[in-house]
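Understanding the architecture of this molecule
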Amino acid sequence: MYSENLLENMELVEKTRESREKQQLPILNEKKKEKLLSSFHPDYRLSGFRALRVGVNRGDRTVHEIADLLEAFSSFDYREINFEKPDLETDVLVLGGGGAGITAALFAHSAGAKVILATKLRLGNSNTIMALGGMQASVSENDSPIRHFADTMVAGKFQGRRELVKAMVDDGPSIVKWLLDLGVNFDRDEKGNLLTKKAGGSIAPRILSIGDYTGLNIIKILKDEIRNRPEIEILEFAPAVELTTNEFGECNGAILFDLERKRFVLVKAKSVILATGGSGRLHIQGFQTSNNFGATGDAIVLAYRAGAKLEGLDSFQYHPTGIVYPDHMVGVLVTEAIRSLGAHLVNSKGERFINELETRDVVAAAMIKECEEGKGIKTPSGRVGVWLDTPVIEERYGKGFLKKKFPALFRMFMRVKINIEKQPLLVYPTLHYQNGGILIDEKGETTVKNLFVAGEAAGGIHGKNRLMGNSLLDIFVFGRRAGLAAARRKYNEPGKQTLSHLERYYQELKSLRITTVAKTPRIFQEYIVGD
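Residues numbered from 1 in each chain as written. Predicted model: local features only at pLDDT ≥ 70, side-chain atom pairs only at ≥ 80, totals over all residues. Heavy atoms only, no water.

Regarding the environment of S315
Tracing the sequence through the fold places S315 in the loop between β11 (310–311) and β12 (316–323). Judged by its relative accessible area of 1%, S315 falls in the buried class. Along the chain, S315 and R229 lie 86 residues apart, while their C-alpha atoms are 38 Å from each other. With residues up to four places along the chain from it excluded, the contact list for S315 reads D43, Q434, N435, G436, G463, K464 and N465. A polar atom in the side chain of S315 sits 3.2 Å from the side chain of D43. (Helix = DSSP H or I, 4+ residues; strand = E, 2+ residues; numbered from the N terminus. Buried < 20%, exposed > 50% of the residue type's maximum accessible area, 1.4 Å probe, protein only. Contact = heavy atoms within 4.5 Å. Polar contact = N/O pair within 3.5 Å; in protein donor to acceptor, adjacent residues only side chain to side chain.)

Here you go:
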């Protein structure tokens with residue numbers, strides 16, 4: 001339920017709706033986009049960044065929160081671990097139980113490898129289940145992987161690695177077929193064809209979705225599939241706290257921490273796949289986040305200490321439409337599909353100020369500009385946002401449309417007495433995605449041999465801005481590729497497990513006189529675990 005001052009400003013949204021419907025706001029030219037981004041997008045705020053002082057990316061620019069994460073010691077004392085006697089041994093160890101991790105485990109198992117999957121939370125509890133809008137894949141007649149490639153490169157400001165983008169878009173149609181074969185029911189039109197929608201920054205309708213539960217529905221299917229393969233051992237509430245390496249610096253396992261029994265579990269493996277997600281819960285530059293509680297950047301800490309090169313960790317995606325009211329829902333995402341269907345972004349004067357189908361970075365920067373220039377709407381707790389006029393969609397497509405197309409969104413807001421058919425939502429950019437990560441090749445392998453990465457932890461794919469729907473595609477594409485490639489290492493001799501890489505890393509920190517009270521990997525933020 002809205003407060004009186006918000007209801008008062010909302011009247012202006014209603015009064016200007018008819019005139020706004022007649023407006024055609026142009027897409028900005030490149031010069032105007034660059035000016036907007038450099039003035040208002042968080043990635044351009046110099047005060048938010050510094051150079052890394054340690055490791056293979058020493059000298060590279062990243063945000064303070066990531067630098068703090070990487071320039072820290074572990075809170076764990078590993079001296080009690082007997083590295084001569086691992087608790088478990090396997091061909092492939094998958095770390096992470098979201099869409100990328102489950103996909104990697106399924107394909108590695110299908111290729112004949114013995115697989116263990118360990119995850120910080122419960123299987124499936126990840127950012128994947130929060131993917132509302134859908135997945136990009138060029139499956140319609142008027143589309144092609146080439147067009148998808150072009151959209152992705154443009155959105156990423158040509159900073160994505162061409163070979164990785166090509167792998168992702170080329171595999172898209174076959175990944176859709178794989179998901180359909182598993183039983184995923186993407187939405188279809190009245191003729192039974194797959195229904196595709198157009199996303200911001202795309203030249204063709206390419207988004208496949210399942211209502212506004214796309215990620216959640218897919219995870220349900222994947223969980224059923226992996227549960228039907230009892231040979232895959234699943235360890236829940238067992239986050240990885242360090243990787244192990246042999247005398248050649250090759251990855252050969254990991255140390256897990258059993259959260260329930262409070263003890264280490266040493267796993268020896270011929271290859272390891274990191275799929276533990278991104279870092280939204282670091283609240284970079286103080287932003288609210290849409291991310292799962294487990295997204296604390298564990299993968300980049302573990303891989304970096306082991307010597308893996310990172311790429312693009314100076315770029316993060318701030319999804320334009322994160323909720324700022326009511327307070328207990330701050331950061332919760334409103335799917336981009338709402339804007340794709342014509343919802344307007346409206347400032348406190350009742351004006352549209354940006355074409356809502358610009359790429360996410362441009363829309364987010366435009367919203368921040370309005371708020372910083374005094375044209376935002378202030379909530380009772382002091383937050384600021386702009387209106388997302390959802391009733392305009394209802395008026396355009398007819399009564400009941402929003403409830404039918406976005407049942408989860410409709411129900412979520414009805415619980416707080418906000419009817420999105422009649423009332424707009426108050427939104428502000430929310431930290432949504434880590435555009436960079438651990439550099440991989442087309443097989444998903446990092447610069448550390450036998451260490452693979454899939455999902456948001458991977459770097460090099462999305463450049464400086466990810467296109468909507470490409471994250472849901474990349475987790476399956478590179479989950480599959482990493483699973484198959486890792487399985488082919490099952491004849492490896494992993495060698496003796498050591499933490500030599502960690503000792504070298506600590507020595508480097510000490511030699512540079514870097515001292516910090518921070519301990520990493522963080523596992524959970526303090527507001528989750530308390531004192």
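Let's talk about the sheet that holds strand β19 (residues 458–459)
Read from one edge of the open sheet, three strands run β11-β17-β19, paired in mixed fashion. One side of each edge strand has no neighbouring strand; the edge strands of this open sheet are β11 and β19. Bridge count for strand β17 (residues 437–439) against β19 is two bridges, and the pairing is parallel. The residue of β19 that forms the bridge with L439 is G459. Along the sheet, helix α8 (residues 298–305) makes contact with β11 and β17, crossing β17 at roughly 35°. (Pairing = 2+ DSSP bridges. Axes fitted to C-alpha atoms, helices over the stretch in contact; angles between N-to-C directions.)

Things to note about the environment of R161
Counting through the fold element by element, R161 comes out in the loop between α5 (145–155) and α6 (162–182). Considered as a pair, R161 and G437 are 276 residues apart in the sequence and their alpha carbons are 13 Å apart. Residue contacts for R161: discarding those within four places in its chain leaves E311, L439 and G460.

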